[in-house]
Amino acid sequence: MSDDNNNYTKAPCWLVIVTVIAMLPVLAFPMLLDGQAGDKESRALLWLYPFYVIVSGICAVICYRQRPEVTWILLILMILSHAAMWILYYGY
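Residues numbered from 1 in each chain as written. Predicted model: local features only at pLDDT ≥ 70, side-chain atom pairs only at ≥ 80, totals over all residues. Heavy atoms only, no water.

Turning to the side chain of Thr19, a few remarks are in order. Its place among the elements puts Thr19 in helix 1 (residues 13-23). Judged by relative accessible area, Thr19 falls into the buried class, the value being 2%. Ignoring sequence-local partners within four residues, the contact set of Thr19 consists of Gly57, Val61 and Leu75. (Helix = DSSP H or I, 4+ residues; strand = E, 2+ residues; numbered from the N terminus. Buried < 20%, exposed > 50% of the residue type's maximum accessible area, 1.4 Å probe, protein only. Contact = heavy atoms within 4.5 Å.)

Glancing now at helix 3 (residues 40-62). For helix 3, which comprises 23 residues, the first-to-last C-alpha distance of 33 Å matches the rise-based estimate of 33 Å (1.5 Å per residue) to within 8%. At Tyr49, helix 3 is bent by approximately 35°, the largest bend along its length, and proline Pro50 sits one to four residues beyond. Residues of helix 3 that are buried include every one of Ser42, Leu46, Tyr49, Pro50, Val53, Ser56, Gly57 and Ala60, and no others. (Expected span 1.5 Å × (residues − 1). Bend = angle between axes of the 7 residues up to and from the residue.)

What follows deals with a nonpolar patch on the surface. Taken together, Trp14, Val18, Tyr52, Trp72, Ile73, Ile76, Leu77 and Leu80 make up a surface patch of nonpolar side chains, about 750 Å² in accessible area. If you tally residues by element for the nonpolar patch, the top one is helix 4 (residues 68-90), at five residues. Here Trp14 lies in helix 1. Since its relative accessible area comes to 42%, Trp14 is described here as partly exposed. (Patch = residues over 30% accessible without salt bridge, like charges linked within 9 Å, V, L, I, M, F, W, Y side chains within 5 Å. Areas by Shrake-Rupley, 256 points an atom, 1.4 Å probe, with all protein chains shown as cover. Salt bridge = Lys/Arg side-chain N within 4 Å of Asp/Glu carboxyl O.)

In the predicted model, the protein carries a mean pLDDT of 85, and the fraction of residues at 70 or more is 85%. The secondary structure element of the protein with the lowest average pLDDT is helix 2 (residues 29-35), at 79, and the one with the highest is helix 1, at 95. (pLDDT = per-residue confidence, 0-100.)

Bringing helix 1 into the picture now. Listing the buried residues of helix 1 in full gives Leu15, Thr19, Ala22 and Met23. The buried residues of helix 1 occupy an angular sector of 100° when projected down its axis, which confines them to one face. Away from its buried face by more than 90 degrees, helix 1 exposes Cys13 and Ile21. The inward-facing, buried residues of helix 1 abut helix 3 and helix 4. (Arc of directions from axis to C-beta.)

Turning our eyes to something else, we now look at the nonpolar core. Counting residues in hydrophobic clusters, the biggest one holds 13 residues, and the most contacted among them are Leu46, Tyr49, Val53 and Met78. The set of elements that each furnish at least two residues to this core consists of helix 1, helix 2, helix 3 and helix 4. Among the elements that take part in this core, helix 3 stands out by supplying four residues, more than any other. Once you skip the residues sitting within four places of it in the chain, Met78 turns out to touch Ala22, Met23, Tyr52, Val53, Ser56 and Gly57. (Core = buried A, V, L, I, M, F, W, Y, C linked by side-chain atoms within 4.5 Å.)

As a further point, take the state of the cysteines. In total, this model carries zero disulfides according to the counting rule given. Of all cysteine sulfurs in the structure, the one in Cys63 sits closest to Cys59, which takes part in no disulfide; the separation is 7.1 Å. For Cys59, a relative accessible area of 35% puts it in the partly exposed group. (Disulfide = S-S within 2.5 Å.)

Rendered as structure tokens:
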């Protein structure tokens, strides 16, 4: 075995806390779904939103040790997706 396999250690606790905090706005999904208009495109995006947030959060934590810059990019994109869903909910 090579030493490269030892790089897959746990992510720091502070990163997990930051990621969970960044994922919290997805808890408003039922409210967003209830108040959303009826067109197909926005409804499809809204249904994909929780899956994206969960996968993005998991990937952000997993990739921190190897590529921390990718972690921050994923977290920023997640926050931007939260903003996009709220804009979709409230309109332009």
